[in-house]
Amino acid sequence: MSVPDSEATAGLKAFAVGEDAAGTRLDQWLAAQTAPDLSRSRIQAIIRGGDVRIDGKVVLEPKSKLVAGTLVTLGMPEPEPAEPQAEAIELAILFEDDDLIVIDKPAGLVVHPGAGNWTGTLVNALIHHCGDTLSGIGGVKRPGIVHRLDKETSGVLVVAKNDLAHRALSDAFADHGRTGDLERAYHAVLWGVPPRPAGIVDAPLGRSGTDRTKRAVVPEGRPDARHAVTHYQIVEKFGGRADATAFASLVECRLETGRTHQIRVHMGHIGHPLIGDQTYGGAFRTKANKLPDDLKDLVADFPRQALHARLLQFRHPGTDEILRFEAAYPSDFAELVEALRRLPSE
């Protein structure tokens, strides 16, 4: 149980070990005492960092067993500076409070620093924008990335500012809305049109050859195969033909799983890759030669995969309120759709 503030050292939290806790692991017990503010992994890091004492003696082993009648003090070290540097990059903010921030990510912006993209990322921008409102994720002053969009995918993205929000949102995204309130919808412009108005692509994904970043549909039994399910629904057809096919189509995709490049690979797998996707649909680019001259170059040279995260709904981890955000098409995506709408139907 927690000791009154007057009995705790300044900057420390103190807890008395009762008879019912005797023999319990130190990290498990402290995580329970501090829930939901601190995760067990965070508690373990604090213990190993020398900031936990039992009766005044530093304890470095998270597995240490508790003894009834002892006093455990927990120090809260200041969050370490974030390794990525703050950069003044303009953001389109849809919502922000002390727990989280929702942005409309533009195409071309990398979410997280990595090989070849150590600067100029969303994380760099958020560190600059959020400043002292970041209370720390895992003890580090950094934004908590709970889901990602590919560099060239635009649309709605939520980021946590503290451990509590990070854990709650991470759990919601891991569940993919199966039992909770999370809802995500993407709009994609495809070459051709799927054969049914709505359908499900249930096909495991794995690494494509030796390429570490490219994905492919793989046999279910392969060691790297990951369960992947995409639900799609046709929103609009462009250049419809008498046989119910079309030159292109706008579809809405909803994810039951969240694998790397999932929508792009799954749509290519059913024979209708995204316009502009040179990785999974480059061979389809020549289809633009059949278009009128005023549309040919626009479609053939569309500079990215035509994919936009249109809708995001989730339950706020602090207020319990259902939040729902929609991002309008960016100019390039809107121009592509409007151009395709000019195609005559047979």
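These figures come from a predicted structure and were not determined experimentally. (Residues numbered from 1 in each chain as written. Predicted model: local features only at pLDDT ≥ 70, side-chain atom pairs only at ≥ 80, totals over all residues. Heavy atoms only, no water.)

### Description of the pattern of salt bridges
The full count for this structure, using the stated rule, is 16 salt bridges. Between Asp27 and Arg40 there is a salt bridge, with its nearest N and O atoms 3.4 Å apart. Here Arg40 lies in helix H2 (residues 40-48) and Asp27 lies in helix H1 (residues 26-34), a separation of 13 residues in the sequence. Here Asp181 makes a salt bridge to Arg315, at a shortest N to O gap of 2.7 Å. Linking Asp181 in the loop between helix H4 (163-175) and strand E9 (183-191) with Arg315 in strand E15 (residues 307-315), this pair joins segments that are 134 residues apart in sequence. A cluster of three or more residues bridged by salt bridges with shared partners is formed by Glu183, Glu252, Arg254 and Arg324. (Salt bridge = Lys/Arg side-chain N within 4 Å of Asp/Glu carboxyl O. Helix = DSSP H or I, 4+ residues; strand = E, 2+ residues; numbered from the N terminus.)

### Some words on the pairing of E9
Of all nine residues in E9, eight are buried, a share of seventy percent or more. Relative to strand E14 (residues 246-255), E9 is paired through six bridges, and the arrangement is antiparallel. For Leu190, the partnering residue across the bridge sits in E14 and is Ser249. (Buried < 20%, exposed > 50% of the residue type's maximum accessible area, 1.4 Å probe, protein only. Pairing = 2+ DSSP bridges.)

### Some thoughts on the nonpolar core
Counting residues in hydrophobic clusters, the biggest one holds 33 residues, and the most contacted among them are Leu122, Tyr186, Ile263 and Met267. Tallying contributions element by element places helix H3 (residues 122-130) first for this core, with six residues. Apart from the residues lying within four places of it in its own chain, the contact partners of Tyr186 are Leu149, Val251, Glu252, Cys253, Leu255, Ile263, Leu307, His308, Ala309 and Arg310. In this structure, Phe238, Phe302, Val337 and Leu343 belong to the second largest nonpolar core, which totals 20 residues. (Core = buried A, V, L, I, M, F, W, Y, C linked by side-chain atoms within 4.5 Å. Contact = heavy atoms within 4.5 Å.)

### Focus: the packing of aromatic side chains
Under the defined criterion, the tally for this structure stands at five aromatic pairs. Seen in terms of ring centroids, Phe15 and Trp29 are 6.2 Å apart; in terms of plane orientation they differ by 80°. Their pairing is edge-to-face. With Phe15 in strand E1 (residues 12-16) and Trp29 in helix H1, this residue pair connects regions lying 14 residues apart in the sequence. Comparing Phe15 with Trp29, the two get one shared label, buried. Seen from their ring centres, Trp191 and Phe247 are 5.8 Å apart, and the 75° between their planes marks the pair as edge-to-face. Here Trp191, found in strand E9, pairs with Phe247, found in strand E14; they are 56 residues apart in sequence, far enough to count as distant. With relative accessibility at 3%, the residue Trp191 sits in the buried group. Overall, the relative accessible area of 11% leaves Phe247 in the buried class. (Phe/Tyr/Trp six-rings, centres within 6.5 Å; stacked < 30°, edge-to-face > 60°.)

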